[in-house]
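This is what each chain is made of:
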Amino acid sequence: MQKIVPHLWFNTQAKEAAEFYTSLLPRSEVTSVRTIHNTPSGDCDIVSFQLWGQSFMAISAGPYFTFNPSVSFMINFDPSQYDDARTRIDDVWAKLLDGGKILMPLDAYPFSERYGWIQDRYGLSWQLILTKPEGEQRPPIVPLMMFVGDVCGKAEEATSFYLSVFKNTKRGTIAPYPSGLEPDKEGTTMFTDFMLEHQWFAAMDSARMHDFAFNESVSFIVHCEDQSEIDYYWEKLSAVPASEQCGWLKDKYGLSWQIVPTAMDEMMSKGTSEQINRVTQAFLQMKKFDLATLQKAYEG
């Protein structure tokens with residue numbers, strides 16, 4: 001099981017969006033759709049899907065959070081792996097542009113001969129890049145966190161913190177801003193990538209004026225094997241008590257995480273409707289998940 005899974009919050013369109021995303025890329029499919037009932041948001045669809053072999057989850061749970069570019073997903077089109085990489089990038093861009101919004105045009109830049117940044121019809125942000133096949137290979141999709149506003153200038157600090165919390169980690173590239181690119185301050189992070197639990201992530205600072213920040217529209221599920229692991233990540237990451245709810249937390253940089261027992265996935269996917277409802281009602285009362293209580297609810 002993938003240890004860390006991006007989770008996307010939609011108003012009502014989780015199934016529709018997952019079907020759209022899986023139509024864009026190879027090795028992609030919707031793997032499960034289930035509905036949980038009697039939540040504060042009513043009946044919620046939960047969708048699991050694969051994009052280019054990587055796991056994602058999505059939920060339809062009401063109009064409470066809106067996607068913004070503070071978290072985007074880089075799609076790497078590598079000519080060393082795919083002869084048609086340039087054709088692929090243009091094709092995916094055209095599909096994302098239908099109902100979407102261009103943030104940076106698909107064009108040649110100093111760091112890539114083909115790159116663009118776009119928000120799709122649902123507001124989710126994607127960075128498409130024709131990668132240079134040099135150095136260590138990166139996966140096809142890499143989540144990127146943009147540190148803006150009050151946390152601008154903290155990308156290196158934050159990523160070092162994440163590297164200290166998780167296992168199987170390492171720093172990849174780190175490129176500071178040079179002088180002359182104001183308002184970005186010299187020495188802050190123009191780009192860095194890093195590995196957590198064998199999965200690649202990326203981060204950057206941006207001092208430009210932005211009317212957004214991290215929110216719960218994109219969070220990261222951390223699958224935990226037992227209560228001690230749940231306790232560990234909760235203690236290390238949670239920094240905003242008011243945001244603790246149903247396994248969700250916010251860290252000191254405002255990024256949202258979900259600390260979830262792996263056993264819960266089996267309960268929610270294999271249980272009867274009565275078992276799933278009991279587990280749902282149990283976890284709705286929790287902040288940090290109590291695995292023993294969830295198991296008891298499941299068993300009735």
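In this text, all values refer to a predicted model and were calculated from it rather than measured experimentally.

**Q** Looking at this structure, how should I read helix H3 (residues 155–165)?
**A** Three- or four-residue spacings in an α-helix give side chains the same orientation, since the helix completes a turn every 3.6 residues. Considered for burial, the residues of H3 that qualify are Ala155, Ala158, Thr159, Phe161, Tyr162, Leu163 and Val165. Turning to H3, the residues buried within the fold contact strand S9 (141–147), strand S10 (170–176), strand S11 (189–196), strand S12 (199–205), helix H4 (227–237) and strand S15 (256–261).

**Q** Sorry, what's going on with the environment of Phe220 here?
**A** Looking at the element boundaries, Phe220 is found in strand S13 (residues 218–224). In the structure, Phe220 is positioned 153 residues away from Phe67 in sequence and 14 Å away in space, judged by C-alpha atoms.

**Q** Quick question: what am I supposed to make of the sheet that holds strand S4 (residues 54–60) here?
**A** Hydrogen bonding along the main chain pairs the strands of a sheet, whether they run parallel or antiparallel. Taken in spatial order, the 7 strands line up as S2-S3-S4-S1-S13-S15-S14 in an open sheet, and their pairing is mixed. The sheet terminates laterally at strand S2 (29–39) and strand S14 (248–250), the two strands that pair on one side only. On average, adjacent strands in this sheet sit at an angle of 25 degrees to one another, irrespective of strand direction. Sheet topology note: the S13/S15 ladder contains 6 bridges and is parallel. Bridge pairing in S15 links Ile221 to Gln258.

**Q** Could you clarify how one ought to interpret the environment of Gly271 in this entry?
**A** Topologically, Gly271 is positioned in the loop between helix H5 (262–270) and helix H6 (273–283). Owing to a relative accessible area of 14%, Gly271 belongs among the buried residues under this scheme. Taking the C-alpha atoms as reference points, Gly271 and Glu299, separated by 28 residues in sequence, lie 9.6 Å from one another. Not counting the four nearest positions on each side in its chain, Gly271 is found in contact with Glu266, Ile276 and Tyr298.

Each value, and the rule that gives it
- Residues numbered from 1 in each chain as written.
- Predicted model: local features only at pLDDT ≥ 70, side-chain atom pairs only at ≥ 80, totals over all residues.
- Heavy atoms only, no water.
- Buried < 20%, exposed > 50% of the residue type's maximum accessible area, 1.4 Å probe, protein only.
- Helix = DSSP H or I, 4+ residues; strand = E, 2+ residues; numbered from the N terminus.
- Contact = heavy atoms within 4.5 Å.
- Pairing = 2+ DSSP bridges.
- Axes fitted to C-alpha atoms, helices over the stretch in contact; angles between N-to-C directions.

Any functional reading would require information that these geometric values do not contain.
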